[in-house]
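For reference, the chains in residue letters:
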Amino acid sequence: MLRFPQLIRIGLCGLGLVFLSLSVHPDELTIVNDSPSRPALRIGQEYQNRYPMPTLRSGFFQWLLTHWWRELDHASDHPPQPVSVNLQALTHPGPAPQVTWIGHSTLLLQMDGLNILFDPIFSNYASPLPPLGPRRYQPPGVSLADLPHIDVVMVSHNHYDHLDLPSMRALAYQRGGPPRFLLPLGNRSWFLDNVHIPGTDPSSQVLELDWDQHVTLPGRQGPVEFHFDAVQHWATRSLFDKDESLWGSWAVLFPHFRFWFSGDLGYSEDVRDIGTKYGYFDLAAISIGAYQPHWYLRPFHVDPAEAVKVFSRIHALRAIGIHWGTFPLSDENPDQPPQDLGNALQQAGIPRADFTVLPLGQITTYSLPILSSTTPGTP
């Protein structure tokens, strides 16, 4: 029988889905509209998804009731465990693209002299009220103290498991100066109010982008473009600000390598648009977790079978699975997404080596493919 504190935590996990629901010097950056640019549609205070979401009956409380009889800690299951971090490789990366999965959607991409961190959460709880809410199963694969100097932090949306305030504050005070923070439209004012950034012009370190906009930063081999694009999801940090800021995915275009980070997404025609816009990606990080019960979560999170469809429609050459095995956000066991991903790849006739999962904290290096010499934006 569940103890009362566990029941409270389970309830807060459900409520949490409502809440969840370089070294570059400060210089002037120009936000550029992609061509063609389609600004996000806003009705009243709420931004809208570009494509209609599936019409589902309201089921939050029905789903929540099932959790009262489940042990969300999954103590008998096998969430991924961190491996020993190669600090030499982490702090002295070679010329090839290097990726480290830190946990959940937190991913470190290192290339061309830049250290780029996506959706950093190093806290023990993905919650506005810790110690209540979803608690992580294991420590991050890389600690904040062991990170190299981060040049760019990229945030997909403002849910608590993606925009973690303590992590942002710690990164703002990293040794060597704060990173650039790239945020979805509608988050900049909140960020500057809540994250103190040292320096004479803190606001220059924080940029917010609309869909189909990008900024360019210098890399060693040439300019690196950071594009923000629409996917199907939502945003909120309280019961009173639903969809008042944007959500989306990020494409990072190096001179000889292109990378896509999905953020959270339900399956929609947005991924077709992304595949058409960019032609292909050398590597993608695609969400594969937090999908059960799928009848309720389908508009917001892809399951592994849908993640494989995303992989194909954006024309990615390789992919890694993220957003799994770290927090108890849904009904599947923490080790289930990779199993379901393997089955989906087999059914689609795609080699498992093309779409893999990474051990926590393991540094993986990718070869620079010949295709990446193609001009960005063309197949």
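Residue numbers run consecutively from 1 along every chain, following the written order of its sequence. Totals for whole chains, interfaces and linings use all residues, but because this is a predicted model, local features are given only for residues with pLDDT of at least 70 and pairs of side-chain atoms are given and counted only at 80 or more. Excluded from the side-chain calculations are hydrogens and water; all other atoms, namely the structure's heavy atoms, are used.

A closer look at the pattern of salt bridges
Within this document, salt bridges are pairs made up of a side-chain nitrogen of Lys or Arg and a carboxyl oxygen of Asp or Glu, the two lying within 4 Å of each other. Enumeration according to the criterion identifies 9 salt bridges in this entry. A salt bridge links Lys277 to Asp229, with the nearest nitrogen and oxygen atoms 2.6 Å apart. Of this pair, Lys277 sits in helix α6 (residues 270-278) while Asp229 sits in strand β11 (residues 223-229); the two residues are 48 residues apart in sequence, bridging distant segments of the chain. When accessible area is computed with a 1.4 Å probe and restricted to protein chains, residues below 20% of their type maximum are described as buried, those above 50% as exposed, and intermediate ones as partly exposed. Exposure remark for Lys277: the relative accessible area of 23% places this residue in the partly exposed category. Overall, Asp229 belongs to the buried group, its relative accessible area being 2%. With a closest N to O distance of 2.8 Å, Lys242 and Asp243 form a salt bridge. Several salt bridges share partner residues, and in doing so they unite Asp34, Arg50, Asp212, Asp229 and Lys277 into one network. Secondary structure elements follow DSSP: runs of H or I no shorter than four residues count as helices, runs of E no shorter than two count as strands, and numbering proceeds from the N terminus.

Section: the packing of helix α8 (residues 304-313) against helix α9 (residues 336-348)
How two helices sit against one another is set out by the angle between their axes and by the gap between those axes. Convention adopted: a line fitted to C-alpha atoms gives each axis, helices being fitted over their contacting stretch, and angles between N-to-C directions are expressed from 0 to 180 degrees. Between α8 and α9, the least distance of the axes is 8 Å, while the angle of their chain directions is 55°. On the basis of their axis angle, the class for α8 and α9 is oblique. The interaxial crossing formed by α8 with α9 has right-handed handedness. Contact residues: Pro304, Ala305 and Val308 in α8; Pro337, Asp340, Leu341, Ala344, Leu345 and Ala348 in α9. Three classes are used, and their members are as follows: Ala, Val, Leu, Ile, Met, Phe, Trp, Tyr, Cys and Pro are nonpolar, Asp, Glu, Lys and Arg are charged, and the others, Gly among them, are polar. Grouping the constituent residues of the contact of α8 with α9 by class yields 8 nonpolar, no polar and 1 charged. Note on angle classes: values under 35 degrees are labelled roughly parallel, values over 145 roughly antiparallel, values of 65 to 115 roughly perpendicular, and the remainder oblique. In a left-handed crossing the near helix is turned counterclockwise from the far helix by less than a right angle, and in a right-handed crossing that turn is clockwise. Throughout, a contact is declared for two residues whenever any of their heavy atoms are within 4.5 Å.

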